[in-house]
Amino acid sequence: MVVEKSLLNSGKESFASENVVSLKSTPISGNGSEGLDDLAAQTNIGVVELPSVDSVADKTFESIAQAEERLLALESEVCSYGDTVHYAKRPKIFAHCSGSYLYDTYDTPYLDLQMWYSAVNLGYNNTRVNNALKKQIDTLPQLACQYLHKEKIELSAKIANSAKRAFGEKGRVHFNVGGSQAVEDALKLVRKTTGKSRQYAFEGGYHGRTLAVSSITSSYRYRENYGEFGDRAEFVPFPYCFRCPYGKKVESCELYCVQQIERKFEHEYTGAWNPKTNKSEFGAFVIEPVQATGGYVIPPKGYFERLAKLCKERGILLIDDEIQMGLFRTGKLWAAENFNIKPDIMVFAKALTNGMNPLSGIWAKEELISPDKFGPGSTHSTFSSNSLGTTTALEVMKIFEEGNYEKTVNEKGAYFLNRLKDLQKRHPEMGDVNGLGLALRVEMCEKDGFTPSRELADKMFQRGLEGNLNVNGKKMGLVLDIGGYYKNAVTLAPSLEISYEEIDLACDSLDLLISECKTH
């Protein structure tokens, strides 16, 4: 095994191998608890000790690799594969993080261009956010959600005020823990208000994987193993102009895709509308202003304004899912602001706490969520407005208020997008390059620039995680996320605090990655 010492961005000496370490599980004798006991004995678990970052220089590469092997062997026996860890062929163990970087157990830096699916908008290990959390840990770390604390009230006020500025509507905030749970709360509110259980949603839309929310997430694979979904949404095509499902061109289509939705309300035989009662079968239309898991697909100008008008005319509530695109990801506090729409209900999560204590929630118009309409106990979770989450989120909102993020995010996004378009001139495989704020997409294709290449995108994802890219004389890794309808879209969601130097490094890394992966 070749061991190379290199000087990295952190200024620390680090060991990294040019070879990929085999991560096959350690053989385990016996079955059941005996097998686990044997594994525990082999690996000294209890706890596998990984060398600390400060002591890496005193450790051999082999000793670190052996410690990782033991951890991975244990993981393969005791951890469910039902999450997303094993999307990667070689699961990666990270040891610490800072700013735009994750660091593995060898202290190799990985420039993160997806920031935990846009949950860490203010960068890893943000000092202000961390300090707010630490202070609350020593002050009010636990409190049952049936009681009040000032951070919950102040945070609710900031979110409600931001929505009033953005949408011109008075409303209230209701908290939960995760994004899926908040979407479920929104669906409950729709049912309570309209008495209807059916919704419209988009092809390519992703809103979560809980049982109820799977019904409005377009991927059938999230429902296939769990029986029938009688309240499954009716999915309509998203305005995906690069691959228009209707074969139109955005310059001349006159929003043909919206026309097809409008057509559903022309008469009673489309299964959506009763002209005699002027009522729709559908209670809400669930949207993402920019599709997230769908590949950071950005709708054309005027699309959502026209759709929102239709929903209002037909008594269909508009649910705005801001879970991944909210909190300045698209250059506005709320992504819907880019499209001049006023939702009835808005859902938020992820970056609200900068990826710290989980907290999510909904904002809804007063007429929907007033105490006489949505009273005590309408929906609840034990940790829904936990004091650590609300404190962290309050600090995040204060940072956003004090900074000029609308300006800086759009400026950095424009710079990043221009650099990517320069790369596109050298790599025809970058079929579509687009972005809004710091939500950017690169759709990887065959040499014709259109035929989807999942293989190339997957190679880039895997290669970046190997942690031995040589970029401008530095050894590093690159953290990417792959999404899109054909799993060929590299979706870029860097820290909003990313520097211009880091943007340049990101583009140099992508240039190297594409060059390597398309030729091997």
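These numbers were taken from a predicted model, which means no experiment stands behind them.

**Points about helix α2 (residues 61-78)**
Between its first and last C-alpha atoms α2 spans 26 Å; for 18 residues at 1.5 Å apiece the expected length is 26 Å, and the two agree. Those residues of α2 that sit buried are F61, I64, A65, A67, E68, L72, A73, L74, E75 and S76.

**As for the side chain of S384**
Structurally, S384 can be placed in the loop between α10 (366-369) and α11 (387-402). S384 sits in the buried class, given a relative accessible area of 7%. At 3.0 Å, the side chain of S384 forms a polar contact with the backbone oxygen of S381. Ignoring sequence-local partners within four residues, the contact set of S384 consists of C145, F175, N176, V177 and L359.

**Structural notes on the environment of K342**
By secondary structure assignment, the location of K342 is in the loop between β12 (317-321) and β13 (345-348). Residues K342 and A308, spaced 34 residues apart in sequence, show a C-alpha to C-alpha distance of 7.7 Å.

**A few points about the sheet that holds strand β20 (residues 489-492)**
Strand order in the open sheet formed by four strands is β15-β16-β20-β19, and the pairing between neighbours is antiparallel. Edge positions in the sheet fall to β15 (430-436) and β19 (481-483), since each has one partner strand and no second. Taking the axes of each pair of neighbouring strands and ignoring which way they run, one obtains an average angle of 25 degrees across the sheet. When strand β16 (residues 439-444) meets β20, the two strands line up antiparallel, connected through four bridges.

**Topic: the confidence of the model for the protein chain**
Across the protein chain, the average pLDDT comes to 90, with 89% of residues at or above 70. Low pLDDT, under 50, characterises residues 1-37; the predicted model gives this stretch 84 contacts beyond four residues in sequence or across chains.

**Details of the layout of surface pockets**
Quantified by volume, the second largest pocket comes out at close to 620 Å³. Looking at the second largest pocket, it is lined by 22 residues, and the ones nearest its centre are K152, V173, H174, F374 and P376. Elements with a minimum of two residues in the lining of the second largest pocket: α5 (150-167) and β6 (171-176). Per-element accounting of the lining of the second largest pocket gives the leading share, four residues, to β6.

**Remarks on the sheet that holds strand β17 (residues 469-471)**
Taken in spatial order, the five strands line up as β3-β4-β5-β18-β17 in an open sheet, and their pairing is mixed. Looking at which strands have only one partner, the edges of the open sheet turn out to be β3 (94-98) and β17. Pairwise comparison of adjacent strand axes, ignoring direction, gives a mean angle of 40 degrees for this sheet. As defined by bridge partners, β17 adjoins strand β18 (residues 474-479) across three bridges and the pair is classed as antiparallel. Paired with L469 across the bridge in β18 is M476. Taken strand by strand, helix α13 (residues 454-465) contacts β3, β5 (109-112), β17 and β18, and its axis lies near 130 degrees from that of β18. Packed onto the sheet, helix α14 (residues 500-517) meets β4 (101-104), β5, β17 and β18 and runs at close to 130 degrees relative to β17.

**Quick word on the packing of α5 against α11**
When two helices pack together, their arrangement is captured by the angle between the axes and the distance separating the axes. Remark: α5 packs on α11, axes separated minimally by 9 Å, with the N-to-C direction vectors making an angle of 40 degrees. Along this stretch, α5 crosses α11, giving a crossing that reads as left-handed. Contacts from E151, K152, E154, L155, K158 and I159 of α5 reach α11 at T390, T391, A393, L394, M397, K398 and E401. Here the residues of the contact of α5 with α11 are counted per class, giving five nonpolar, two polar and six charged.

**With respect to the pairing of strand β7 (residues 198-202)**
Burial within β7 is extensive, with four of its five residues counted as buried. Alignment of β7 against strand β11 (residues 282-287), held across three bridges, turns out to be parallel. Bridge pairing in β11 places R198 opposite F282. In terms of strand pairing, β7 meets strand β8 (residues 234-236) through three bridges, oriented parallel. Paired with A201 across the bridge in β8 is F235.

The rules behind the values
Residues numbered from 1 in each chain as written. Predicted model: local features only at pLDDT ≥ 70, side-chain atom pairs only at ≥ 80, totals over all residues. Heavy atoms only, no water. Helix = DSSP H or I, 4+ residues; strand = E, 2+ residues; numbered from the N terminus. Expected span 1.5 Å × (residues − 1). Buried < 20%, exposed > 50% of the residue type's maximum accessible area, 1.4 Å probe, protein only. Polar contact = N/O pair within 3.5 Å; in protein donor to acceptor, adjacent residues only side chain to side chain. Contact = heavy atoms within 4.5 Å. Pairing = 2+ DSSP bridges. Axes fitted to C-alpha atoms, helices over the stretch in contact; angles between N-to-C directions. pLDDT = per-residue confidence, 0-100. 1 Å grid on protein atoms, 1.4 Å probe; cavity = no way out; pocket = protein on both sides within 12 Å on 5 of 7 lines; lining within 4 Å. Points joined across faces, edges and corners; volume = space filled by probe spheres on them. Left-handed = near helix turned anticlockwise from the far one by under 90°. Nonpolar A, V, L, I, M, F, W, Y, C, P; charged D, E, K, R; others polar.

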